[in-house]
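Commentary on secondary and tertiary structure
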Amino acid sequence: MTDELLYHLHSGWHVDQAIVTEKEKLVVIRFGNDKSQECMLMDNLLYSINEKVSNFVSIYLVDIEEVPDFNEMYELTDPMCLMFFYQNKHMMCDFGTGNNNKLNFLIDDKQELIDILEIIFRGARKNKGLVVSPYDYSDQRVD
C-alpha cells in the first residue's frame, strides 16, 4: 500500500498495535460502521488530507461491527467518531460539545480538520492530555 491509502484495522490486536507502537505521530482512528453515510464522508475527508498530515499523523479505519472490542470501553455508539492517541495515551479535545473523548460529528472542511489535528498533536507533544479545539462547535452540533 502507498502512503495515500488509509489502513483498515481488522482486529482488536491490530488496533492495540497501531496505538502502542507509534512513538512519533498522532494516531487517529475512525471508528464506525463502514457502510454508514457519515463514515463514508469522513473517510473521504481523511483520505483527502492524508498526504498533507502524513508527517505527523497516522490514520486508521475500524469498522465497529467487525471489531467490537472497543465499543463498550470507548462508548462507540455513534455512527462515526474519530479518536486520537499519542504515545499510547488517549488524547482528548474540547470541541464545545460536552464530549471531549472523541469527535463524533462530521467536519466538511479540509483545513478545519487539519487545524484540529495540528492542535491535538502540538498539545500531545507538550504532554497535555486535553487540548481546546481551534473551532467551537457548541452552537452547531448538539448531542
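In this report, the structure presented in the accompanying data block is examined. (Residues numbered from 1 in each chain as written. Predicted model: local features only at pLDDT ≥ 70, side-chain atom pairs only at ≥ 80, totals over all residues. Heavy atoms only, no water.)

Read from one edge of the open sheet, six strands run β1-β3-β2-β4-β5-β6, paired in mixed fashion. Of all strands in the sheet, those with a lone pairing partner are β1 (7-8) and β6 (130-132), marking the two edges. Running over the sheet, helix α1 (residues 12-21) touches β2 (26-32), β3 (57-63) and β4 (80-86) and is turned about 155° from β2. Strand contacts of helix α3 (residues 110-125): β2, β3, β4, β5 (89-94) and β6, with the helix running at about 30° to β4, the strand carrying the most contacts. (Pairing = 2+ DSSP bridges. Helix = DSSP H or I, 4+ residues; strand = E, 2+ residues; numbered from the N terminus. Contact = heavy atoms within 4.5 Å. Axes fitted to C-alpha atoms, helices over the stretch in contact; angles between N-to-C directions.)

Strand direction decides the pairing type here: β4 and β5, joined by three bridges, are antiparallel. Paired with F84 across the bridge in β5 is M91. Turn length for the β4-β5 hairpin, with the two strands adjacent in sequence and antiparallel, is two residues, and the turn residue Q87 shows positive phi of about 50°. Relative to β6, β5 is paired through three bridges, and the arrangement is parallel. In the strand pairing of β6, M92 is matched with L130. Regarding topology, α3 serves as the crossover connection from β5 to the parallel β6, and that connection is left-handed. (Right-handed = clockwise from strand over helix to strand, strands pointing away.)

So, about the nonpolar core. Counting residues in each nonpolar core, the largest one holds 32 residues, and the members touching the most others are L26, F84, L103, L113 and L117. Those elements that provide at least two residues to this core are β2, α2 (37-53), β3, β4, β5 and α3. In terms of residue count, α3 provides more of this core than any other element does, seven residues in total. Setting aside chain neighbours within four positions, we find L26 in contact with F56, V57, S58, F84, F85, Y86, M91, L117, I120 and F121. If you look at the next biggest cluster of nonpolar residues, it comprises 17 residues, including L9, V27, L76 and C81. (Core = buried A, V, L, I, M, F, W, Y, C linked by side-chain atoms within 4.5 Å. Buried < 20%, exposed > 50% of the residue type's maximum accessible area, 1.4 Å probe, protein only.)

Everything listed here is a matter of coordinates, which is why it stays silent on function.
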